[in-house]
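Notes for the structure review
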Amino acid sequence: MLLAVTVLAGAAPGTTSAQEEGADKPTPSVLEVPFASDRTTNVALVIGYLQEDIARRARIRMLEPATGLGRGPRAGSGSGNSPESFAVWTGLHGATLSFNADGFDGDHAGGTVGVDFDLGPDWLAGFRFGYDDTDLDTAFDGRAGTLEARSFSFTFYGAWRPYENWVVDGFFGVARTTYDIASEEVTGSADGDRFLGGLGASALYDLGGFRLTPRVSLAMAVDSAVDFQDSVGLEVTNDLLTYIELLGGGEAAYPLALSDGTVLEPWLSAALVGTLDEVGRNSAVGDGVHGRFGAGLRLRHGQIALDIEGCVGGLGDRDFTDYGGLVRFAWQF
C-alpha cells in the first residue's frame with residue numbers, strides 16, 4: 001500500500017506548536033487534486049453549454065423574424081406572429097478535452113430537452129432538463145486513474161425583447177452531481193448540489209444580407225461543499241465552489257432562402273471568455289481568459305429547425321482546450 005497514516009499519541013521532545021497543529025490535521029487523499037480538477041471542469045462545461053442553449057432559444061424565438069421559428073415585429077410596431085405558440089426542443093453535445101497539466105485527458109458529453117412558450121409579443125419563458133457527463137483519465141502523481149462527474153440539471157429561463165432587434169435573457173437552475181473517482185489503489189465517490197444563474201443580452205443587425213449578432217453575458221455557479229473519505233479512510237475535501245464566467249462576442253451569419261421556403265444559414269462566431277473560480281483546494285483548472293470559436297449551419301423549414309455546430313474553446317490562457325460539437329432540433333406549435 002502506497003498510503004499510510006501516522007498517529008501521534010503526544011508531541012515528541014522539541015516539537016513546536018505548529019508541528020503539533022499539523023499533526024492534528026487529517027492526511028489528505030491522493031484523490032484531492034484530481035477530484036478538484038474533475039469538479040471544476042464539469043462546472044465550466046455545464047454552464048457553458050447551458051448559456052449557449054439559452055442564447056440560441058432567445059435568438060430563434062425573439063430575434064429572427066425571417067425564419068420559420070422567428071417572431072414578427074414587437075408589439076405596437078405593426079404585424080407579428082401569434083403570441084400563443086410554444087416550442088419543444090432537444091439537443092446533444094460533446095467535446096474532447098486536452099489539458100495543459102501533465103497527466104490529464106478526457107471527454108464530455110450531454111443532452112438536453114426543453115420547452116418554451118410565449119407570454120406575450122415580447123416575453124418568452126421556458127424550462128430545460130439537462131444531463132452532462134465529464135470523464136477524465138489521469139496519471140496524477142504517478143498513479144493512473146479515472147474520474148467521472150455526472151450532473152442532472154433543471155433550469156428555468158426567460159427572455160424579454162425591449163426593442164425590435166434587442167433581447168435580454170436569463171436563467172436560474174439547480175443540479176445534482178455524482179462523482180466517482182478511482183486511482184490504482186484508492187477509490188472514492190460523493191454527491192453535491194449546484195445552483196446556476198445568469199443574464200445575457202443579444203442584438204440582431206441585418207447588414208447587406210449578413211446578420212450580425214453581438215452578445216454579452218454573465219453566468220455563475222455555486223457548488224456545495226463536498227467532503228468524503230476515500231477507500232483507505234483519508235479525507236477528500238473540497239470547499240464551496242463558486243464559478244463565474246463573463247463572455248463578450250458575436251456571430252456573423254448569411255441566410256439563404258430556397259424556393260421551397262427552407263432557409264439555410266451558415267455562420268461563424270468568436271468570443272472572449274473570462275473565468276474565475278475558487279475551489280478551496282489546488283486544481284488543474286484555474287482562472288483565466290480564453291478565446292472560443294465556432295462554425296455551423298442552421299436549417300429552418302416551416303415550424304422545424306435543425307442546428308449543427310462545431311466549436312473550440314480554451315485557446316489562450318486556459319487550463320484545457322475543448323473541441324466539441326452540438327446538434328439541436330426544435331419544433332414550434
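Going by the structure above, here's the rest.
All values reported here derive from a predicted model rather than from experimental measurement.

Looking now at helix 2 (residues 32–62). In a regular helix each residue adds 1.5 Å, so 31 residues correspond to 45 Å; helix 2 covers 45 Å between its end C-alpha atoms and thus fits that length. Extensive coverage of helix 2 is indicated by the burial of 29 of its 31 residues.

A complete count under the given rule lists seven aromatic pairs for this structure. With 4.9 Å between their ring centres and 50° between their planes, Phe129 and Phe154 make a pair best called tilted. Separated by 25 residues along the polypeptide, Phe129 in strand 3 (residues 123–138) and Phe154 in strand 4 (residues 145–163) bring together distant segments of the chain. Look at Phe154 and you get partly exposed, because its relative accessible area is 25%.

Looking now at the pattern of salt bridges. Considering all chains together, one arrives at 23 salt bridges under this definition. Notably, a salt bridge pairs Arg56 with Glu52, separated by 3.2 Å at the nearest N-O pair. With Arg56 and Glu52 both in helix 2 and four residues apart, the pair spans about one turn of that helix. You can call Glu52 partly exposed: its relative accessible area is 23%.

Turning our eyes to something else, we now look at the environment of Gly111. Mapped onto the secondary structure, Gly111 falls in strand 2 (residues 104–120). In this structure Gly111 comes out as buried when scored by relative accessible area, which is 18%. Taking the C-alpha atoms as reference points, Gly111 and Gly91, separated by 20 residues in sequence, lie 5.6 Å from one another. Non-local contacts of Gly111, meaning those with residues more than four positions away in its chain, are made with Gly91, Leu92, His93, Phe129, Gly130 and Tyr131.

This part takes up the side chain of Asp307. With respect to the helices and strands, Asp307 occurs in strand 15 (residues 304–316). Residue class for Asp307 comes out buried when judged on its relative accessible area of 7%. There is a polar contact of 2.8 Å between the side chain of Asp307 and the side chain of Arg300. Setting aside chain neighbours within four positions, we find Asp307 in contact with Ile60, Leu297, Arg298, Leu299, Arg300, Leu326, Val327 and Arg328.

The rules behind each value
Each chain carries its own residue numbering, running from 1 in the direction its sequence is written. Given that this is a predicted model, residues contribute local features only at a pLDDT of at least 70 and side-chain atom pairs are listed and counted only at 80 or more, while totals for whole chains, interfaces and linings are drawn from all residues. Each side-chain value is derived from all of the structure's non-hydrogen atoms; neither hydrogens nor water enter the calculation. Think of it this way: any DSSP run of H or I at least four residues long counts as a helix, any run of E at least two long counts as a strand, and we number them from the N terminus. In a helix, the anticipated span is given by 1.5 Å times the number of residues less one. Burial classes: relative accessible area under 20% of the type maximum marks a residue as buried, over 50% as exposed, and values in between as partly exposed (1.4 Å probe, protein chains only). Aromatic rings from Phe, Tyr and Trp, taking only the six-membered ring of Trp, are treated as a pair when their centres fall within 6.5 Å; an angle between ring planes under 30 degrees marks them as stacked, one over 60 as edge-to-face, and anything in between as tilted. When a carboxyl oxygen of Asp or Glu is within 4 Å of a side-chain nitrogen of Lys or Arg, the pair counts as a salt bridge. In what follows, a contact means two residues having at least one pair of non-hydrogen atoms within 4.5 Å. Nitrogen and oxygen atoms within 3.5 Å of one another constitute a polar contact, given that in protein one can donate a hydrogen and the other can accept it, and given that sequence-neighbouring residues count only through two side-chain atoms.

Purely geometric numbers; function is a separate question.
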